[in-house]
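Here's the letter readout for the chains.
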2 protein chains.
Amino acid sequence: MRTSIATVSLSGSLTEKLTAASRAGFDGVEIFENDLLASPLTPEEIRARCADLGLSIDLYQPMRDIEAVPVEEFARNLRRARHKFELMRRLGADTVLVCSSVHPLAVDDDALAADHLRQLADSAEEFGIRVAYEALAWGRHVNTYGHAWRIVEAADHPALGTCLDSFHILSRGSDPKGVADIPGEKIFYLQLADAPLLAMDVLQWSRHYRCFPGQGGFDVAGLVRNVLDTGYDGPLSLEVFNDVFRQAEAGPTAVDAHRSLLVLQETVGVATPPAPVVPTGVAFAELVTPDAEPVAAVLGALGFARTARHRTKPVDLWRQGEARILVNTSGAARRTGTGLAAIGLESPDPAGAARRAEALLAPVLPRRRAAEDAPLDAVAAPDGTELFFCATDRPELPDWRDDFADDTGVSHGTEGTRGSHGTGGFHGTGGSHGTGVHRIDHLALTQPWHHFDEAALFHRSVLGLHAQESVDVADPYGLMRSRAVTNADGSVRIALGVGAAPTDDTVHAQHIALATSDVVAAARRFREAGGRLLPIPANYYDDLAARHEFADGELETYRDLGILYDRDAHGEFRHCYTMTVGRVFFELVQRDGYRGYGAQNAPVRLAAQHTARAVIGG
Amino acid sequence: MRTSIATVSLSGSLTEKLTAASRAGFDGVEIFENDLLASPLTPEEIRARCADLGLSIDLYQPMRDIEAVPVEEFARNLRRARHKFELMRRLGADTVLVCSSVHPLAVDDDALAADHLRQLADSAEEFGIRVAYEALAWGRHVNTYGHAWRIVEAADHPALGTCLDSFHILSRGSDPKGVADIPGEKIFYLQLADAPLLAMDVLQWSRHYRCFPGQGGFDVAGLVRNVLDTGYDGPLSLEVFNDVFRQAEAGPTAVDAHRSLLVLQETVGVATPPAPVVPTGVAFAELVTPDAEPVAAVLGALGFARTARHRTKPVDLWRQGEARILVNTSGAARRTGTGLAAIGLESPDPAGAARRAEALLAPVLPRRRAAEDAPLDAVAAPDGTELFFCATDRPELPDWRDDFADDTGVSHGTEGTRGSHGTGGFHGTGGSHGTGVHRIDHLALTQPWHHFDEAALFHRSVLGLHAQESVDVADPYGLMRSRAVTNADGSVRIALGVGAAPTDDTVHAQHIALATSDVVAAARRFREAGGRLLPIPANYYDDLAARHEFADGELETYRDLGILYDRDAHGEFRHCYTMTVGRVFFELVQRDGYRGYGAQNAPVRLAAQHTARAVIGG
């Protein structure tokens with residue numbers, strides 16, 4: 001189906017908005033009047049610009065407070081409307097949106113409203129223009145789509161139809177099944193927006209909190225199905241008022257917007273992009289760093305062994321159990337400092353996963369970083385993290401470790417066949433004591449502030465992961481949000497986090513959480529090997545003692561090591577943190593059935609990290 | 001009365017919060033449990049720190065889900081409570097807050113609730129602690145203060161009283177008069193917060209949008225009067241959960257917070273700071289600039305004449321009618337670029353105005369900037385703008401212009417006695433054509449993002465100005481807010497503005513609006529004198545033609561000059577803008593009864609300024 005977006009959904013000048021919409025793949029735009037008024041381009045120039053960009057102008061909007069007003073007011077409205085029809089002729093737009101009146105003098109008289117709209121449609125018809133009448137959720141007398149349709153039906157004019165808007169329909173809890181009563185050819189336009197389920201004034205909700213389909217709590221797809229069943233064949237058009245999008249760069253927002261429509265079309269069955277290939281595990285996490293020593297010291301103390309090196313690049317492979325971490329000291333890290341740059345996702349079909357990602361507008365990375373490298377399928381996530389779709393120990397597929405060799409020059413692709421999950425059998429530098437880490441439990445990634453909601457949609461739609469509820473976490477210097485995306489068995493868990501505000505200078509560091517079956521033993525060995533654990537305030541343990549009962553000495557052990565504790569309906573959780581290196585730290589977690597991420601403990605951890613930074617002056 | 005503040009109201013570590021509260025003049029604090037848990041200080045160290053800072057610990061909070069729960073749950077609660085009472089003993093805190101239960105298993109049984117609270121109070125009493133029971137607005141069964149009091153009354157225990165919280169009472173629309181039924185000695189604590197009147201879920205409203213008394217829409221003072229009438233003599237304590245305050249520096253927030261309590265005490269008649277001295281006009285606006293030439297060029301073209309120079313400093317006085325602008329090229333401007341640094345407010349009693357400001361915690365500036373200067377009373381506004389309280393042409397008071405001399409060395413304090421409001425009689429550089437500017441209409445100041453609401457309270461309480469409604473203005477790159485403060489006759493108008501987010505890089509420039517009785521003539525003369533007006537898009541005028549009827553040629557004139565038009569119930573408004581110099585631009589306004597500030601036109605103006613910057617590469 002054709003896709004369109006209202007210019008009000010994007011940030012910047014009209015030119016910037018049009019360019020972004022075109023590049024993201026939209027077929028058309030709705031021109032929001034204020035964007036036109038503020039533009040130095042004439043209507044003819046805007047028309048030409050859209051044509052150059054391959055965009056149709058599907059709607060001009062909005063006209064307000066037209067109908068059911070006093071006679072002299074309506075005369076002024078008709079006069080104003082003719083000006084706008086003339087403008088639309090210059091613009092080459094053939095449909096205008098009329099919102100149901102909120103005028104204080106508007107009367108509750110459907111016959112009068114129908115008469116006024118009929119007169120308006122008469123005037124529009126002279127210009128070859130169609131009028132799409134829409135019920136605002138806060139319209140003075142007309143605020144449901146059924147009511148708007150009854151007035152359109154009564155007016156009975158070929159140039160008059162209705163516009164349906166998912167926000168106005170679903171925010172009021174109207175049943176979308178009633179759409180079946182409207183003939184498809186009388187639905188002149190369909191505007192789509194989702195929204196988080198907030199209990200608030202519907203006008204404020206609409207003006208500030210709309211989001212793209214799939215990012216909120218509405219069943220937008222259900223409504224679209226109802227509309228398509230009528231035979232509607234106009235565009236699927238996004239109209240999203242959102243304070244965050246107003247500030248965000250138009251380019252990425254437009255891409256996120258178009259992706260949401262692609263997913264929506266897949267959901268309702270009118271498009272069939274390549275099916276999602278859900279990752280089945282984490283093959284590796286890749287750190288970039290300008291200086292391998294501090295990272296190597298922590299990994300060594302954590303019991304990782306450096307088992308292999310990339311054949312052509314300064315990338316080391318560290319391993320413990322099934323947890324694999326690449327340490328990359330190539331040039332890029334000099335600019336960005338130590339950080340988490342890439343994730344290897346174990347994929348049943350790497351090429352298929354990449355095709356899915358590409359179809360959903362994820363930037364595809366070159367399959368070979370260098371001529372001599374094995375080909376690897378990879379895309380960039382919205383936060384810039386590189387996602388590699390790869391295979392480990394699967395004979396039918398190339399192994400990503402083929403590019404790595406151990407000190408004897410033996411390809412590392414054979415590693416897994418040795419059948420060992422310990423580290424003792426490997427050669428390499430670093431600790432050989434082991435801390436019982438058997439795999440990566442989860443990865444925590446900081447998201448760009450303006451694109452947090454899109455990040456969850458990306459991981460959900462592109463990777464086929466399940467997005468959990470978003471939780472607020474109190475940092476001493478602001479409120480942060482966190483949302484996890486996981487696969488069904490929890491073998492892939494990514495916690496997406498975002499700071500309180502664009503300037504949040506409380507660095508929300510990325511981290512790698514390592515699963516161990518005995519966090520106390522792991523923490524002890526880490527410390528014995530010279531590792532530094534994040535100290536946790538004593539007051540935290542006094543509170544734990546007040547909340548739970550522990551075995552003798554248990555709490556003292558936790559206090560000594562800085563181990564935090566939580567429980568949920570499914571089990572217990574014990575975890576501790578290393579000090580931060582650059583922007584990254586590590587967490588050791590013992591997850592005995594527990595399904596969360598220790599959000600309850602995050603404020604204490606964040607405060608402790610602030611304290612640690614203040615102490616070391618970082 | 002004693003003043004207190006909950007640590008949750010301020011940003012930072014517990015130490016930072018305590019220091020900020022003490023410096024701002026609070027007598028005590030409520031310690032929020034999470035702040036204690038996250039602190040590396042022991043309870044004894046916190047107690048000592050508070051003592052050093054002259055702060056009492058008035059409340060420890062909160063205990064949750066204590067009462068009316070199943071028996072084994074209540075046993076755990078009592079056990080936990082004893083841990084907390086022991087902690088409070090170490091802390092030296094003698095009152096604990098218990099919030100009404102939101103536990104899913106809590107039952108609607110007042111007798112059971114009373115019994116549980118009585119048992120809790122028994123336990124507390126052993127530690128010399130009092131329990132203050134408070135109805136949360138979203139409490140499962142107990143959500144009104146009257147209900148909480150009935151339970152406290154039924155429990156009838158000397159260590160059990162109630163805590164009143166203005167948010168929980170006023171957000172539910174409860175009538176505060178019922179407070180009279182509670183004996184003052186059974187009100188153990190009074191927490192105060194205001195909030196904007198939002199129609200939203202009360203829990204979200206409370207957790208994210210509370211503000212200090214006087215900043216929102218609640219009648220907090222009315223409630224406080226009711227509480228004081230009972231004989232309550234505990235502290236007035238602020239408990240404000242606010243996403244913005246969480247991010248703001250604790251120091252300024254604490255000062256704003258304490259000011260709100262000082263004003264509240266004045267309002268309810270328990271404190272009598274010096275009375276407000278409302279300014280009666282704008283004596284001058286002072287620009288600082290590293291380079292006087294560009295500013296002089298604009299002022300000259302605007303018809304201002306440079307009429308005098310400061311005797312000892314590089315400050316020129318420019319004048320036209322009663323509009324006076326100082327141009328200061330001293331060192332400070334080299335760092336900050338061209339900007340609006342100070343406002344001279346015509347004051348009936350400059351010394352009294354300064355005393356008021358000082359009593360309300362405004363930083364007082366040295367009365368003499370240099371030994372040889374005349375003394376001037378001045379304070380700093382929250383945004384750093386210096387506010388001078390001064391007199392012009394009032395024989396009984398020293399004239400601020402005594403420090404200025406014209407080219408002949410004659411003191412400029414005599415200027416007004418010449419009886420001329422034109423510029424022709426003055427010597428000096430700059431345009432002598434005049435543009436009919438007769439005074440400064442208003443000044444627009446950008447506020448620090450985290451302190452926008454406080455800025456309005458400052459201008460209202462310190463200067464005695466009236467704060468108008470806040471309006472949202474759509475900038476192409478974000479949503480901005482603007483709020484005007486004025487005196488009764490409109491001779492002092494200050495528009496306080498703030499960008500969409502802390503990082504808003506769409507510079508919200510400051511501006512000086514100059515009143516003229518003929519904006520067309522003024523704009524023409526400005527342009528003839530070489531001034532550059534901000535070009536306004538042609539589309540804007542097409543829209544004006546659609547909305548209003550104009551005399552022949554009128555619209556063409558506006559279009560030619562870039563004059564914008566608006567009207568309200570009181571009259572018409574015509575205005576235009578100069579190009580920006582540094583962070584400042586000028587507006588010429590013709591206000592024929594109109595009372596607003598052209599907010600309707602602000603999006604077009606902002607877009608035009610973005611376009612102009614893009615063109616000149618600024």
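For every chain, the first residue of the written sequence is number 1, and numbering continues from 1 along that sequence. The lettering of chains begins at A and the numbering of ligands begins at 1, in the order of writing. Where totals are concerned, whole chains, interfaces and linings use all residues; where local detail is concerned, this predicted model gives features only for residues with pLDDT of at least 70, and gives and counts side-chain atom pairs only at 80 or more. Only heavy atoms go into the side-chain values, all of them from the structure, while hydrogens and water stay out.

A. Focus on the environment of S491 of chain A. Residue and element names in this part refer to chain A. Numbering goes from the N terminus for both helices and strands, where a helix is a DSSP run of H or I of at least four residues and a strand is a run of E of at least two. Inspection of the secondary structure puts S491 in the loop between β20 (478-486) and β21 (493-498). Not counting chain neighbours up to four residues away, the residues in contact with S491 comprise T280, G281, V282 and R439. Whenever a nitrogen or oxygen atom comes within 3.5 Å of another N or O atom, the pair is scored as a polar contact, on the condition that within protein one atom can donate a hydrogen and the other can accept it, and that pairs from neighbouring residues in sequence are kept only if both atoms are in side chains. A polar contact is formed between the side chain of S491 and the side chain of N487, at a distance of 2.9 Å. Of note is the side chain of S491, whose polar atom sits 2.6 Å from the side chain of D489. We call two residues contacting when some pair of their heavy atoms lies within 4.5 Å.

B. Layout of the packing of aromatic side chains. Aromatic rings from Phe, Tyr and Trp, taking only the six-membered ring of Trp, are treated as a pair when their centres fall within 6.5 Å; an angle between ring planes under 30 degrees marks them as stacked, one over 60 as edge-to-face, and anything in between as tilted. A full pass over the atoms with the stated rule returns 26 aromatic pairs over all chains. Judged by centre distance (4.4 Å) and plane angle (10°), the ring pair of F573 of chain A and Y594 of chain A falls under stacked. Residue F573 of chain A is located in strand β24 (residues 571-577), and its partner Y594 of chain A is located in the loop between β25 (584-592) and α19 (602-616); the two are separated by 21 residues in the primary sequence. Arranged with centres 4.7 Å apart and planes meeting at 45°, the rings of F284 of chain B and W400 of chain B form a pair that is tilted. Of this pair, F284 of chain B sits in strand β9 (residues 281-288) while W400 of chain B sits in the loop between β15 (386-390) and β16 (404-405); the two residues are 116 residues apart in sequence, bridging distant segments of the chain. Pair check on accessibility: F284 of chain B and W400 of chain B agree, each one buried. Only protein chains enter the area calculation, which uses a 1.4 Å probe; residues under 20% of their type maximum are buried, those over 50% are exposed, and those in between are partly exposed.

C. Region of interest: the pattern of salt bridges. By salt bridge we mean one thing: a side-chain nitrogen of Lys or Arg within 4 Å of a carboxyl oxygen of Asp or Glu. Under the counting rule described, the total for this entry stands at 58 salt bridges over all chains. We note a salt bridge from D256 of chain A to R259 of chain A, for which the minimum N-O separation is 3.0 Å. One end of the pair, D256 of chain A, and the other, R259 of chain A, are both in helix α11 (residues 250-268), three residues apart, so they sit about a helical turn from each other. By relative accessible area, which is 4% here, R259 of chain A ends up buried. The salt bridge partner of E346 of chain B is R394 of chain B, with a shortest N-O separation of 3.1 Å. Remark: R394 of chain B occurs in the loop between β15 and β16 and E346 of chain B occurs in strand β13 (residues 339-346); sequence separation between them is 48 residues. R394 of chain B carries the same exposure label as E346 of chain B, and that label is buried. Salt bridges here are not isolated pairs; linked through shared partners, they connect E33 and K84 of chain A together with D543 and R547 of chain B.

D. Representation of the sheet that holds strand β6 (residues 160-165) of chain A. Residue and element names in this part refer to chain A. When DSSP finds two or more bridges between two strands, those strands count as paired. Spatially, the eight strands close up into a barrel ordered β1-β2-β3-β4-β5-β6-β7-β8, and their pairing is parallel. Put simply, the sheet's adjacent strands are angled 30° from each other on average, direction ignored. Direction of pairing for strand β4 (residues 95-99) relative to strand β5 (residues 130-134): parallel, over a ladder of five bridges. In the sheet register, T95 faces β5, and the bridge partner there is R130. Geometry is summarised by axes, namely lines fitted to C-alpha atoms with helices restricted to the contacting stretch, and by angles between N-to-C directions that run from 0 to 180 degrees. Across the sheet, helix α5 (residues 110-126) is in contact with β4, β5 and β6; its angle to β5 comes to roughly 150°.

E. Quick look at the relation of the copies chain A and chain B. Each copy of the sequence occupies a distinct position, and chain A is placed on chain B by a rotation of 180° and an axial shift of 0.0 Å, giving an RMSD of 0.0 Å. Such a combination of turn and shift is consistent with a two-fold rotation axis. Among all C-alpha atoms of chain A, that of M200 of chain A lies closest to the rotation axis, at 1.9 Å. In this assembly the copies share their binding face: 100% of the residues contributing to the interface of chain A also contribute to that of chain B. The copies were overlaid with a least-squares fit restricted to C-alpha atoms from residues scoring a pLDDT of at least 70 in each copy.

F. View of the interface of chain A and chain B. In this complex, chain A contributes 49 residues to the contact, which on the side of chain B involves 49 residues. Using a 1.4 Å probe, buried area is obtained as the accessible area two parts lose upon being combined, added over both of them. Buried surface at the junction of chain A and chain B, summed over both partners, amounts to about 3,900 Å²; 55% is from carbon and sulfur atoms. If you look at where chain A meets chain B, you find four salt bridges. Of all the secondary structure elements, the ones that give two or more residues to the side of chain A that touches chain B are α2 (33-37), α4 (71-91), α8 (202-209), α10 (243-247), β19 (471-475), β20, α17 (538-547) and α19 of chain A. Per element, the largest residue contribution to the side of chain A that touches chain B is seven residues, and it comes from α17 of chain A. The residue inventory of the side of chain A that touches chain B, partitioned by class, reads 22 nonpolar, 13 polar and 14 charged. Amino acids outside the nonpolar list (Ala, Val, Leu, Ile, Met, Phe, Trp, Tyr, Cys, Pro) and the charged list (Asp, Glu, Lys, Arg) are all regarded as polar, and Gly is one of them.

G. Broad picture of the side chain of H103 of chain B. Residues and elements named next belong to chain B. In this structure, H103 sits in the loop between β4 (95-99) and α5 (110-126). A polar contact of 3.0 Å, which involves the side chain of H103, links it to the backbone nitrogen of L105. Sequence-distant contacts of H103, that is, excluding residues within four places in its chain, are made with D65, V69, E73 and R140.

H. Just the environment of H141 of chain A, in detail. Mapped onto the elements of the fold, H141 of chain A is located in the loop between β5 and α6 (145-155). Between the C-alpha atom of H141 of chain A and that of D108 of chain A, which follows or precedes it by 33 residues, the distance is 5.6 Å.

I. Region of interest: α8 of chain A. Buried within α8 of chain A we find W205, S206 and H208 of chain A. Those residues of α8 of chain A hidden inside the fold are in contact with α7 (166-170) and α10 of chain A together with β19 (471-475) and β20 (478-486) of chain B.

J. Highlighting the environment of R547 of chain B. On the secondary structure map, R547 of chain B appears in helix α17 (residues 538-547). For R547 of chain B, a relative accessible area of 25% translates into the label partly exposed. Ignoring any residue separated from it by four or fewer positions in sequence, one finds R547 of chain B in contact with R79 and R80 of chain A together with Q600 of chain B.

K. The pairing of strand β12 (residues 323-328) of chain B, seen in detail. All names here are of chain B. Within β12, six of the six residues are buried, which leaves the element mostly enclosed by the surrounding structure. Of the two faces of β12, the one lined by A323, I325 and V327 and the one lined by R324, L326 and N328 are each fully buried. Two elements, β9 and β12, share four bridges in a ladder whose sense is parallel. By the bridge assignment, V288 is partnered in β12 with N328. As paired elements, strand β11 (residues 315-320) and β12 share six bridges and run antiparallel to each other. Looking across to β12, one finds that Q320 is bridged to A323. Hairpin connection of β11 to β12: two residues between the antiparallel strands, including G321 at a positive phi of 55°.

L. Local environment of the pairing of β20 of chain B. All names here are of chain B. With seven of nine residues buried, β20 lies mostly within the body of the structure. As defined by bridge partners, strand β18 (residues 466-467) adjoins β20 across two bridges and the pair is classed as antiparallel. What sits directly across from H466, in β20, is T486. In this structure, the hairpin formed by β19 and β20 is closed by a connection of two residues. Two strands pair when backbone bridges link them, and β20 and strand β21 (residues 493-498) are joined in this way by six bridges, in the antiparallel orientation. From the neighbouring strand, T486 faces β21, where its bridge partner is R493. Once β20 ends, the chain turns through six residues before running back antiparallel as β21, passing G490 with a positive phi of about 75°.

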